[in-house]
Structures are given as C-alpha cells and as structure tokens.
Amino acid sequence: VYEQAKQGQNVAADGRFQVLVSDRELDMNPDHILEHVMLFVAPLQEQGRPVRIDAGGANYDAVWSPADYRIAFVSTASGNDEIYTVRPDGSELARLTFNDWEWDKHPSWSPDGSKIVFWSNRGSARNQIWLMNADGSGQTNLSNNAFNDWDPVWVR
C-alpha cells in the first residue's frame, strides 16, 4: 500500500513532465558523473532534453505538486537537509525549513497542493511527522510521540 501511495508523485498532474533524481548529467552527457545528486525535469509527452535544477548540495526526495507546477524536494545546500520548492524551469526557488543541524526530509503534497507533510528530527532528535503550509508557514509536529516516525506519503 505504501509503494502504491508513493507511485506517481514525481509526475506533473497533467502527465507532461516528471522530476528525476540522478548523479549523472542527464541534460548533456549521461556518462558524466556529478558531484552530488541533482534534480532533472524531463518531458514525458514531448521531445526535449531534461532540465537540470541545482539548488546547491545534494538534491533529492523530489515530489510534484498535484495542484500546480511546483516541485518540493530536499537539499543539503545549507549544510543540512532542508525542504525547498521550485518551478520546473528552476525559477522561484524557495527554502521552506530552517534548522541548525536537524533534518527535514521526504516531503509529500496534500491532494489540493496547499500543504506538505514531511519528517523531521527537530526538537526531540526523534523522527516525527510534521505538516506545513505550501509556503513553509504553520509548521506543526503531528506525531509528537516517543517513537520514530518517517517517510510520510499523502494518499491521493
């Protein structure tokens, strides 16, 4: 059931594009290995090369908003794992989470694209399920318990 819920989160709602994570230069020379994993937006229904999105550091856990052309993902550009959003052409890059050493990982969009669920080890040093608005505001610990919880997926 978990794998079914995750399926398709890397594809745009209109099915025209997908976001891929790779350590290879998909847009120019696929034999060239990159220093970090990066995001690539690839057309599914049209001809064209994948567009590389580089937010700095390693970029991964990419998921497409079901409501519009935005991608949520994790980047290590700040020195630790933080959640960002970006447009498929690389514009409007926005950092949503800000921590000193903690990790925020595995974003998943709500069906209407207004919220993002993720896991974080902030506060308690345990992995907990968090929820925030799509602009990063209103971050709330949902699980708030003594156990580790991770890799949430919003069922659509």
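Residues numbered from 1 in each chain as written. Predicted model: local features only at pLDDT ≥ 70, side-chain atom pairs only at ≥ 80, totals over all residues. Heavy atoms only, no water.

### Thoughts on the side chain of N127
For N127, the location among the structural elements is in the loop between β9 (115-120) and β10 (128-133). Apart from residues lying up to four places away in sequence, N127 is in contact with W119, S120, N121, F147, N148, D149 and W150. (Helix = DSSP H or I, 4+ residues; strand = E, 2+ residues; numbered from the N terminus. Contact = heavy atoms within 4.5 Å.)

### A look at the nonpolar core
Counting 13 residues, the largest nonpolar core has V19, V41, W64, I71 and F73 as the members making the most contacts within it. Of all elements in the fold, only β1 (17-24), β2 (33-43), β4 (59-64), β5 (71-75) and β6 (82-86) reach the threshold of two or more residues within this core. Among the nonpolar cores identified, the runner-up in size contains 12 residues, and A72, I83, W130 and M132 belong to it. (Core = buried A, V, L, I, M, F, W, Y, C linked by side-chain atoms within 4.5 Å. Buried < 20%, exposed > 50% of the residue type's maximum accessible area, 1.4 Å probe, protein only.)

### Some details on the pairing of β10
With five of its six residues buried, β10 lies for the most part within the structure. As defined by bridge partners, β9 adjoins β10 across six bridges and the pair is classed as antiparallel. Residue pairing for β10: I116 is matched across the bridge by M132. In this structure, β10 lies alongside strand β11 (residues 140-141), joined through two bridges in antiparallel fashion. Bridge pairing in β11 links W130 to N141. What sits between β10 and β11 in their antiparallel hairpin is a turn of six residues, with G136 showing a positive phi close to 95°. (Pairing = 2+ DSSP bridges.)

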